[in-house]
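# Results of the structural survey
Spelled out from the first residue to the last, the chains are:
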Amino acid sequence: MQPEVMMKKKCISARKASLVLFLCQMISALDVPLDLSQPPTITQQSPKDYIVDPRENIVIQCEAKGKPPPSFSWTRNGTHFDIDKDAQVTMKPNSGTLVINIMNGGKAEAYEGVYQCTARNERGAAISNNIVIRPSRSPLWTKEKLEPNQVREGDSLVLHCRPPVGLPPPIIFWMDNAFQRLPQSERVSQGLNGDLYFSNVQPEDTREDYICYARFNHTQTIQQKQPISVKVFSMDSLNDTIAANLSDTDIYGARPVTERQPVLLTPTGSTSTKVELRGNVLLLECIAAGLPTPVIRWIKEGGELPANRTFFENFKKTLKIIDVSEADSGNYKCIARNTLGSAHHVISVTVKAAPYWITAPRNLVLSPGEDGTLICRANGNPKPSISWLANGVPIAIAPEDPSRKVDGDTIIFSHVQERSSAVYQCNASNEYGYLLANAFVNVLAEPPRILTPANKLYQVIADSPALLDCAYFGSPKPEIEWFKGVKGSILRGSEYIFHDNGTLEIPVAQKDSTGAYTCVARNKLGKTQNEVQLEIKDPTVIIKQPEYKVIQRYGQVSFECIIKHDSTLLPTVLWLKDNDELPDDERFLVGKDNLTIMNVTDKDDGTYTCIVNTTLDSVSASAVLTVVARPNPPFDLELTGQLERSVELSWIPGDENNSPITNFVIEYEDGLHEPGVWHYQTEVPGTQTTVQLKLSPYVNYSFRVIAVNEIGRSQPSEPSEQYLTKSANPDENPSNVQGIGSEPDNLVITWESLTGFQSNGPGLQYKVSWRQKDVDDEWTSVIVANVSKYIVSGTPTFVPYEIKVQALNDLGYAPEPSEVIGHSGEDLPMVAPGNVQVHVINSTLAKVHWDPVPLKTVRGHLQGYKVYYWKVQSLSRRSRRHIEKKILTFRGNKTFGMLPGLEPYSTYKLNVRVANGKGEGPASPDKVFRTPEGVPSSPSFLKITNPTLDSLTLEWGSPTHPNGVLTSYILKFQPINNTHELGPLVEIRIPANESSLILKNLNYSTRYKFYFNAQTSVGSGNQITEEAVTIMDEVQPLYPRIRNVTTAAAETYANISWEYEGPDHAHFYVEYGIAGSKEDWKKEIVNGSRSFFVLKGLTPGTTYKVRVGAEGLSGFRSSEDVFETGPAMASRQVDIATQGWFIGLMCAVALLILILLIVCFIRRNKGGKYPVKEKEDAHADPEIQPMKEDDGTFGEYSDAEDHKPLKKGSRTPSDRTVKKEDSDDSLVDYGEGVNGQFNEDGSFIGQYSGKKEKEPAEGNESSEAPSPVNAMNSFV
């Protein structure tokens, strides 16, 4: 059981009007099955007016069906055509189609005529239309002598084509010798008769190759008329000709091109008539002459032009109405109008009609004894006459049949018998044509039969009509009944529609309509039935439709088309562009549910439609793609209204590329002074295409226009013609005039020169004038060439001058310039500020006062006062650093200033100087002042050693910056239990001269947290913290701990080291942050189990806090330590890799290794052995500790597993701290406040300026130069 689409394609498409479908199916239901006797029926025939190609065979079609099969005969021009007697004519087998052999010697003209076919069997005869055979003709143009057309500019002209009469009429068009179509417009156009009309001629119409072509489509030939020459005389050339032959008085009599009001060239007169047949296309034409070119308008008198059927062609000169009817008759007026007047013409249109069917006769199947009628009704203008034929013979002379009666357009049949079977022809004709229809009467006695296949499956979309066929035949006509299901009741009610052809219609099929339906047909001779199946499917829906898109050129765009469909239906998705297939372009990518267009171009603009088809339904959705781009450049720039200082520029905008032009930018080029350089002139709104431009003298202008839209700027237009303006005096003087002396005895006058554009003429110069201000002096002037500076010598020091600079050229001076004030050159100030006083505010801030110097002694522009100050000595320690002077500048005539950033408890000196544009004056006497004490920095370290059952030993270092006299140390400590809760806090004050302390009477196996800081008389400094654990039973502490965290900081990095006690293989991390900040701690992971780390990327001069923790030990970390990076300073370290001795040593080592490798290779090839390892072990140097392979640390650090003491050569104590020497001379004194310097790997740099002292180096390398043996070990 194969499913099929319910509705027949020849009748109707899906979801159309069911009435039309019913009529189509009812006609097919009247077809008699071919296994039953029936009269002939014409199924195919040639057209009534049959124009044939005379070079090809003529095929006249005539096909028919019937039972028994019909025989065929032909008439020609009303008499029998005996095809057996003409060897060129044959009839196809089992067909009535004639083939006339023209290609083998026959002539088409010999077979012109009227042909009619008759198909006949024992039950009747059917006839075809009268078929008129005419061969097509394409005659040549008649020879004619064509005179050249000489016409005056502005006059009208008609070039006649007059093509030869052909069959069918040819298609006319005008071309030139190069086979290019001649351009047509409102002024020049082709008429319906083929003539070429000029409303007014222009000089550009002059040419010698106006050629009319006639194309004959049937013969596929083109005929060419001889070229026509047109010569247009312009009024200028005509006046020249007249002037050569006439007097001056006569010349003025020659009239120029004059404007003329419209005059109709076709049709002529004021009225005309037109007859057209119903259903044809009505074409009305009006072409007018006139200057300016007239515009044509059409109206219908007493009515409106029919909507949806009216079109205007040929620049509105042709009115086209399609599918005309009698209602379109009336008067149509064309009006030609220009600025001088109008002309009109009225065309009276009458619509006639060839006969057309109202009711065409239809085949009639009757059973013996039944009644019936044949009806033939037609209309036309004039009214057609109706005549009947029986079996091709006029019914008046046909054999009589008592069962029939003719009543005008109706034949009535009563009590028919089998002998009443025949074919009847109805002919409706008037002067414009005829209609011929065949309808048979077939008398049969047949029981019902159902022609629809059994168990046919119908599939229908829900909520749409379901039409179940029950095509049947029987005589008499059977009655049809429908049932649902095997034992269902007969279907009745408004929810069903029963058609006469047996079709059951369910107007709105629902899911519950699914099932089996039975059709029963019965008449008096019997009964039959048939079952069909109906399935209801879900409709196909586009749930995500494509959306309107705007995309820039060369972009990418996608349209979505997501669908939902019945699971049993297979959808196919098709994309269309402008209702046509997508371009064959790889840029178009069709996906499962989308369409993507890559690299979009202007051609991609349009409507895109997604069509989803299944076997049952089809849905679609469309979206518009608008491709936008920068506008095309304007063109046709024109300069008009040229004046000395203005000109009007006009242009034609280029294509805006779907984005409206917002404005136009006008630029100019000065071809005289700056050729090739374009400058901005002005801009106008996008709706404006002309602008009045202001011009400057002595400029050779060219202009260009740039269009701007939302996407961007167009390319510039082509430049306009050049326009050179006349010279004039300068309009302006130089700007930015200044007078500033470069030496104490001169005045340098400078200005910004005028550009060539501003010069307004040739010979640009400057008049420079000056005089001393407030002195009764005359102006001194000098004229200089086109420069921008003039130096006046011999002036007094720093006195004011009045200055002016005036432009002039060959035509004169510019307007009087304005005056500016300048000064001659400055000299150094003469005196120093006096009465310098210093007021110390606190330990880091001081305020300095001074008396201002007399302005006359400044000898220049007062720029301010500079305070030089420097630290002489630190009172808390000896300082041997070099003196670094600092400078603070106070602008203007200030008499005091603040000195911030001083170091506490130090001696400073300062002096004050006045400054002008030339430099600084003498310094005031040095002023000495001291800063008071401040709070100290944190102790340099705190370490806890020698834990016992009830005691701990604390050792510490003094603060790096005491900032005064230390008075004591404050130690606070408290126990920490297993839950990390803090116990009572104990405080101890320790004398300032102590550096260690043994705490006794502590609890055994208890963790303590210590807080330690130093004090001066001002207060306490920052504290450092540490944790330690007393032991239990003289064994290792129960809890792991990290202690003795020490730091050594440089400018941007710091070396952090610590001691660890606890489980093996701990993984450490370092956390750090800015002291006093609430920001989160920053975390760095330490590679391996090493106990040192280098923090990099630190900020110079900043105090940091740091602590060390172990991964995996929850909450276990060291106490915090605080350190300060040194201030930014020039690096004093020496890169060893650049030292000559080191490079030479490395080269020697490399050479030695190469020699050893060669010797080893030779020994190995000889089969010998070289016990390198044994020799190395035998001669090992105890001073050398190789780097460990597992963690990369150096041998100077003890292994975390066995805590072995460091070997000889280590310069770091076991607690990994650096103790200060007893001497007060520290590296800080020499390093401008930096706590020493370190390489980025943590090693100390032992070279610095000033005195070099032997101090222990903090790091993991010796500060001594490596020996060759050490270097060798390191290299290997």
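Residues numbered from 1 in each chain as written. Predicted model: local features only at pLDDT ≥ 70, side-chain atom pairs only at ≥ 80, totals over all residues. Heavy atoms only, no water.

On to the overall build of the chain. In terms of helices and strands, the chain carries eight helices and 93 strands. Within the chain, the proportion of its 1276 residues that are buried is 42%. For the chain, the proportion of contacts with a sequence separation of at least 24, taken over those separated by at least 6, is 65%. (Helix = DSSP H or I, 4+ residues; strand = E, 2+ residues; numbered from the N terminus. Buried < 20%, exposed > 50% of the residue type's maximum accessible area, 1.4 Å probe, protein only. Contact = heavy atoms within 4.5 Å.)

An order of β87-β88-β91 is seen for the three strands of this open sheet, with the pairing classed as antiparallel. Whereas interior strands pair on both sides, the edge strands pair on one side only; in this sheet they are β87 (1041-1049) and β91 (1092-1095). Mean inter-strand twist for the sheet, computed between neighbouring axes without regard to direction, equals 20°. Where strand β88 (residues 1054-1061) meets β91, four bridges bridge the pair, whose relative direction is antiparallel. When the sheet's bridge partners are listed, Ile1056 is paired in β91 with Phe1093. (Pairing = 2+ DSSP bridges. Axes fitted to C-alpha atoms, helices over the stretch in contact; angles between N-to-C directions.)

Turning our attention to the sheet that holds strand β83 (residues 986-991). On the basis of which strands lie adjacent, the open sheet formed by four strands has the order β83-β82-β85-β86 and antiparallel pairing. Where the open sheet ends on each side, the last strands, each with one partner, are β83 and β86 (1024-1029). Going across the sheet, the axis of each strand differs from the next one's by a mean of 25°, ignoring polarity. Pairing geometry for strand β82 (residues 966-976) and strand β85 (residues 1007-1016), over 10 bridges, is antiparallel. Note on β85: the bridge partner recorded for Gln974 is Lys1009.

Attention now goes to the pattern of salt bridges. If the charged atoms of two oppositely charged side chains come close together, the side chains can form a pair. Counted under the stated rule, the structure contains 37 salt bridges. A salt bridge links Lys577 to Asp578; the nearest nitrogen and oxygen atoms lie 3.1 Å apart. The class for Asp578 is partly exposed, based on a relative accessible area of 41%. Notably, a salt bridge pairs Arg913 with Glu920, separated by 3.7 Å at the nearest N-O pair. (Salt bridge = Lys/Arg side-chain N within 4 Å of Asp/Glu carboxyl O.)

Ile58, Ile60, Trp74, Ile100, Tyr115 and Ile133 are the most contacted members of the largest nonpolar core, which totals 29 residues. Elements that contribute at least two residues to this core include exactly β3 (49-52), β4 (58-60), β5 (62-67), β6 (71-76), β9 (98-100), β10 (113-121) and β12 (131-135). With three residues, the top contributor of residues to this core is β10. Among residues more than four places away in sequence, those in contact with Ile133 are Tyr50, Val52, Ile58, Ile60, Tyr111, Glu112, Gly113 and Tyr115. (Core = buried A, V, L, I, M, F, W, Y, C linked by side-chain atoms within 4.5 Å.)

Another point: the side chain of Asn809. For Asn809, the position within the fold is in strand β70 (residues 800-809). Accessibility expressed as a relative area gives 6% for Asn809, which makes it buried. A polar contact is formed between the side chain of Asn809 and the backbone oxygen of Ala728, at a distance of 2.9 Å. There is a polar contact of 3.0 Å between the side chain of Asn809 and the backbone oxygen of Ser759. (Polar contact = N/O pair within 3.5 Å; in protein donor to acceptor, adjacent residues only side chain to side chain.)

Mapped onto the secondary structure, Ala466 falls in strand β41 (residues 466-468). Ala466 sits in the buried class, given a relative accessible area of 0%.

Counted according to the given criterion, the structure contains 26 aromatic pairs. Ring plane angle 15° and centroid distance 5.3 Å describe the contact between Tyr969 and Phe1012, whose orientation is recorded as stacked. Linking Tyr969 in strand β82 with Phe1012 in strand β85, this pair joins segments that are 43 residues apart in sequence. Comparing Tyr969 with Phe1012, the two get one shared label, buried. Three or more aromatic residues joined by ring pairs make a cluster, and in this case those are Tyr668, Tyr701, Phe703 and Phe757. Lying across the ring of Tyr868, Arg913 places its NZ or CZ 4.0 Å from the centre. The ring of Tyr1069 has Lys1083 lying over it, and the distance from NZ or CZ to the ring centre is 4.2 Å. (Phe/Tyr/Trp six-rings, centres within 6.5 Å; stacked < 30°, edge-to-face > 60°. Lys NZ or Arg CZ within 6 Å of the ring centre and 35° of its normal.)

Here we take up the state of the cysteines. For the coordinates displayed, the defined rule picks out six disulfides. A sulfur-sulfur separation of 1.7 Å characterises the disulfide bridge that pairs Cys470 with Cys519. One quick way to see it: the torsion about the S-S bond of Cys470 and Cys519 is about -60°, and its sign makes the bridge left-handed. Placement of Cys470 in the loop between β41 and β42 (472-475) and of Cys519 in strand β46 (residues 515-523) is noted, with a sequence separation of 49 residues between them. When its relative accessible area of 1% is taken as the criterion, Cys519 is described as buried. Between the sulfur atoms of Cys561 and its disulfide partner Cys610 the distance amounts to 1.9 Å. (Disulfide = S-S within 2.5 Å.)

Let us now look at the environment of Asn663. If you trace the backbone, Asn663 turns up in strand β60 (residues 661-670). The class for Asn663 is buried, based on a relative accessible area of 15%. When the C-alpha atoms of Asn663 and Thr689 are compared, they prove to be 9.8 Å apart, with 26 residues separating the residues in sequence. When near neighbours in sequence (up to four residues on either side) are disregarded, Asn663 contacts Glu683, Val684, Pro685, Gly686, Ile706, Ala707 and Val708.

Summarising the element assignment, Asp670 is placed in strand β60. No salt bridge is formed by the buried Asp670, whose closest oppositely charged neighbour, Arg645, lies at an N-O distance of 13 Å. Reaching out from Asp670, the side chain makes a polar contact with the backbone nitrogen of Asn700 at a distance of 3.5 Å. Apart from residues no more than four positions distant in its own chain, Asp670 is found in contact with Pro675, Val677, Val699, Asn700 and Phe757. (Lys, Arg positive; Asp, Glu negative; His and termini not counted.)

Right, let's talk about unusual backbone geometry for a bit. Here the bond from Lys67 into Pro68 is cis, since omega is 0°, no more than 30 degrees from zero. Cis geometry is adopted by the peptide bond preceding Pro267, which originates at Thr266 and carries an omega value of -10°. As for its placement among the helices and strands, Pro267 is situated in the loop between β21 (260-266) and β22 (271-277). Of note in this structure, Asp323 is not a glycine but carries a positive phi near 50°. Topologically, Asp323 is positioned in the loop between β27 (318-321) and β28 (330-338). The backbone phi angle of Asn946 is positive, close to 50°, even though this residue is not glycine. Note on placement: Asn946 falls in the loop between β80 (939-945) and β81 (952-959).

What follows deals with the pairing of β60. For β60, a buried count of nine out of 10 residues is recorded, marking the element as mostly surrounded by other parts of the structure. Here nine bridges tie β60 to strand β63 (residues 700-709), and the two strands are oriented antiparallel to one another. Bridge assignment links Val665 to a residue of β63, and that residue is Ile706. By the bridge criterion, eight bridges tie β60 to strand β61 (residues 674-685) in an arrangement that is antiparallel. Bridging from a neighbouring strand, Glu667 pairs with Tyr680 of β61.

A few words now on the environment of Phe973. Positionally, Phe973 belongs in strand β82. Phe973 sits in the buried class, given a relative accessible area of 7%. Residues Phe973 and Phe1010, spaced 37 residues apart in sequence, show a C-alpha to C-alpha distance of 4.3 Å. Leaving out residues up to four positions away in the same chain, Phe973 has contacts with Pro984, Leu985, Val986, Ile988, Leu999, Leu1002, Tyr1008, Lys1009 and Phe1010.

Here the focus is the confidence of the model for the chain. Per-chain confidence: the chain averages 84 in pLDDT, with 84% of residues scoring 70 or above. Counting interchain partners and residues more than four positions distant, the pLDDT-below-50 stretch residues 246-255 has six contacts. Counted against residues more than four places away or in other chains, residues 1168-1276, with its pLDDT under 50, gives 186 contacts. (pLDDT = per-residue confidence, 0-100.)

This paragraph deals with a nonpolar patch on the surface. Among the surface-exposed residues, Leu1151, Leu1154, Ile1155, Ile1158, Val1159, Phe1161 and Ile1162 lie close enough to one another that they form a single nonpolar patch of about 660 Å² accessible area. Mapping Leu1154 onto the fold places it in helix α5 (residues 1140-1165). (Patch = residues over 30% accessible without salt bridge, like charges linked within 9 Å, V, L, I, M, F, W, Y side chains within 5 Å. Areas by Shrake-Rupley, 256 points an atom, 1.4 Å probe, with all protein chains shown as cover.)

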